[in-house]
Amino acid sequence: MNALRPPRAPLKPLDDALIELLGFATALSAVEWVSTFDADGRALAQDFVSGLQVPPQDNSSMDGYAVRRADVVQANGQALSVSQRIAAGTAGTELAPMTVARIFTGAPIPAGADAVVMQEDCELTKTDTGDTVRLAGVPDLGQWIRRAGEDVTQGAVVLSKGERLTPASIGLAASIGLHRLSVVRRPKVALFSTGDELVMPGDVAPEAMKPGAIYNSNRFFLRSLLVRLGCEVTDLGIVPDRLDATQDALRAAAQDHDLILTSGGVSVGEEDHIKPAVQSLGSLDLWQIAIKPGKPFAYGKVQGAHFIGLPGNPVSSFVTFLLLVRPFLLRLQGVSDVAMKSVAIPAHFTWARADKRREFLRVHRNAAGGLDLFSNQSSGVLTSAVWGDGLVDNPAGQVIQAGDMVRFISFSELLA
Ligand code: AMP
Ligand code: MG
């Protein structure tokens, strides 16, 4: 132990860090109208109220015959004549007494009819004077009828401000006649990686790598994570481990960007220039977050732009992005629900090395409905995040026995 080292600040709990970070994420005020076709993944900037009911009228959910139930009772097993034919997209006329209407899925129910009998339950006879139908039994009132407004009532708020649009919600928007939607503009994010050891695939062949060099992997997954979250990304590449170079990159990135996101250089080693560089141009808080992987994390401001510094270790960078940057970017877009959702699933592994920090273990769902653990949980082993399909959110100090229920967070949810 070095007696001269100053006492370390206590680690910040993840939940506190998230609350603090979200407190800085004022939603962007600019709004744009986009085609409903292009709105998937965007955040709605206003409520949308339905000007009509969906479906607009009662309609059949089967191919068959629309009937008046009382007539079927009265017919007492005798055939009824088919008085009209109503296909989807056409409107029938009032059902004549003691007759039925041939009807198809989606076609409006004619006035007077109060049930549909599916064609499989009908015996059709064709005669020169027209078709007749004998029904297997007496239908229930309302049978196979989809009621007007059962999906959406007129005047209902169908889509709400702060909602992130999905394929289903853009379909719903279209069902109430919306061909354009107002969404919050995309956040502009400047991305760069720090580290003199980093080289780019394509620039240097594997056999030509100098000792100590590694490929820049963070740049690839961070960029695609940002794009998936609806951001416009300016990729500033790799910045050398020098104070002046880091300052230059930050100055350039602060122009016209909402967020500057970096990876690496947020520890407090001699080669970590993020802290002094950001502080010389703005303000910075270095946080030690009580999570594993992940610990070092930085939030600050550079000339009006938000600054977030992620750790360099690939898995730390990946996990802290999902846990902290993702909700931050969603909030910038005005999204209200940014909580990560976990479900209880049995562990099919044991975890005896309880850590002082809350841990996010890379796991894989197996066919038996349980979770398997990736064998190497090191923060540098990106294979764990590829093999895994989610994280176990394991509380600090918690040992896991096979069969224990643990909290699982699916990557497919976090990456959507
Ligand atoms: P740092 O946070 O800069 O101290 O980096 C921690 C570890 O992550 C070191 O082993 C770095 O070589 C590695 N690292 C940093 N940035 C990247 C990157 N962009 N891609 C892959 N590994 C990285
Ligand atoms: Mg570094």
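Residues numbered from 1 in each chain as written. Chains lettered and ligands numbered in written order. Predicted model: local features only at pLDDT ≥ 70, side-chain atom pairs only at ≥ 80, totals over all residues. Heavy atoms only, no water.

Another aspect to go through is the pairing of strand β23 (residues 358–365). With 6 of 8 residues buried, β23 is to be regarded as a mostly interior element. Across 3 bridges, β23 lies against strand β24 (residues 371–373) in antiparallel orientation. Note on β24: the bridge partner recorded for R365 is L371. Count of turn residues in the β23/β24 antiparallel hairpin: 5 residues, of which G369 carries a positive phi of about 85°. (Buried < 20%, exposed > 50% of the residue type's maximum accessible area, 1.4 Å probe, protein only. Helix = DSSP H or I, 4+ residues; strand = E, 2+ residues; numbered from the N terminus. Pairing = 2+ DSSP bridges.)

The next point concerns the site of ligand 1. Not every one of the 15 residues close to ligand 1 is listed here, only the nearest: E197, N216, G265, G312 and N313. With respect to ligand 1, the side chain of N216 contributes an N or O atom lying 2.8 Å from a nitrogen atom. At 3.0 Å from an oxygen atom of ligand 1 is found a main-chain nitrogen or oxygen belonging to G312. In the complex, 77% of the free accessible area of ligand 1, which totals 490 Å², lies under the protein chains. Residues that form the shell around ligand 1 fall into these classes: 4 nonpolar, 9 polar and 2 charged. (Near = heavy atom within 4 Å. Polar contact = N/O pair within 3.5 Å; in protein donor to acceptor, adjacent residues only side chain to side chain. Areas by Shrake-Rupley, 256 points an atom, 1.4 Å probe, with all protein chains shown as cover. Nonpolar A, V, L, I, M, F, W, Y, C, P; charged D, E, K, R; others polar.)

For the rest of this paragraph, the subject is the sheet that holds strand β7 (residues 115–118). An order of β7-β4-β6-β5-β9-β8 is seen for the 6 strands of this open sheet, with the pairing classed as mixed. The sheet terminates laterally at β7 and β8 (122–127), the two strands that pair on one side only. Put simply, the sheet's adjacent strands are angled 40° from each other on average, direction ignored. Pairing of strand β5 (residues 80–86) with strand β9 (residues 130–135), which is carried by 2 bridges, proceeds in the antiparallel orientation. What sits directly across from S81, in β9, is T132. (Axes fitted to C-alpha atoms, helices over the stretch in contact; angles between N-to-C directions.)

Let us now look at helix α5 (residues 243–254). The terminal C-alpha atoms of α5 lie 16 Å apart, and with 12 residues this matches the ideal 16 Å at 1.5 Å per residue to within 8%. Within α5, burial applies to A245, T246, Q247, A249, L250, A253 and A254. Along its buried surface, α5 packs onto β13 (188–194), β16 (232–239), β17 (259–263), α6 (274–281), β20 (296–302) and β21 (305–310). Looking at the residues trailing α5, positive phi occurs at D256, about 60°. (Expected span 1.5 Å × (residues − 1). Contact = heavy atoms within 4.5 Å.)

Here we take up the side chain of S50. On the secondary structure map, S50 appears in the loop between β2 (48–49) and β3 (59–60). With a relative accessible area of 2%, S50 lands in the buried category. At 2.5 Å, the side chain of S50 forms a polar contact with the backbone oxygen of L52. Not counting the four nearest positions on each side in its chain, S50 is found in contact with V152, T153, Q154, G155, A156, V158 and I176.

Another aspect to go through is the packing of aromatic side chains. Summed over all chains, the structure comprises 7 aromatic pairs. With a centroid separation of 6.1 Å and an interplanar angle of 80°, the aromatic rings of W33 and F48 are classed as edge-to-face. Placement of the pair is W33 in strand β1 (residues 31–35) and F48 in strand β2, with a sequence separation of 15 residues. Taking the relative accessible area as the measure of exposure, W33 reaches 43% and is therefore partly exposed. Note on F48: relative accessible area 7%, which makes it buried. Here F374 and W387 contribute two aromatic rings whose centre-to-centre distance is 5.3 Å and whose plane-to-plane angle is 55°, an arrangement assigned as tilted. Of this pair, F374 sits in the loop between β24 and α8 (383–387) while W387 sits in helix α8; the two residues are 13 residues apart in sequence, bridging distant segments of the chain. Directly above the ring of W287 sits K12, whose terminal nitrogen or CZ lies 4.9 Å from the centroid. (Phe/Tyr/Trp six-rings, centres within 6.5 Å; stacked < 30°, edge-to-face > 60°. Lys NZ or Arg CZ within 6 Å of the ring centre and 35° of its normal.)

Let us look at the environment of G300. Checked against the element boundaries, G300 lands in strand β20. Taking the C-alpha atoms as reference, G300 lies 29 Å from S410; in sequence the two are 110 residues apart. Residues within four places of G300 in sequence aside, it is in contact with S283, L284, A305, H306 and F307.

Another point: the packing of helix α4 (residues 218–228) against helix α7 (residues 314–332). In the contact formed by α4 and α7, the axes pass within 11 Å of each other and the chain directions differ by 20°. On the basis of the axis angle, α4 is roughly parallel to α7. α7 is crossed by α4, and the crossing has right-handed handedness. Contacts between α4 and α7 involve N218, F221, L222, L225 and L226 on the former and, on the latter, P314, S317, F318, F321, L322 and L329. Looking at the contact of α4 with α7 residue by residue, the class counts come to 9 nonpolar, 2 polar and no charged. (Parallel < 35°, antiparallel > 145°, perpendicular 65-115°, else oblique. Left-handed = near helix turned anticlockwise from the far one by under 90°.)

Now for the environment of T262. Along the chain, T262 turns up in strand β17. Judged by its relative accessible area of 0%, T262 falls in the buried class. Every residue in contact with T262, bar those within four places of it in the chain, is listed here: F192, I274, F307, I308, G309 and L310.

Okay, the packing of helix α1 (residues 14–24) against α7 next. Running from N to C, α1 and α7 point in directions that differ by 30°, and their axes come no closer than 9 Å. Put simply, α1 runs roughly parallel to α7. Relative to α7, the crossing made by α1 is right-handed. Along the contact surface, α1 presents L14, A17, L18, L21, L22 and F24, while α7 presents L323, L324, P327, F328 and R331. Grouping the amino acids of the contact of α1 with α7 by side-chain chemistry returns 10 nonpolar, no polar and 1 charged.

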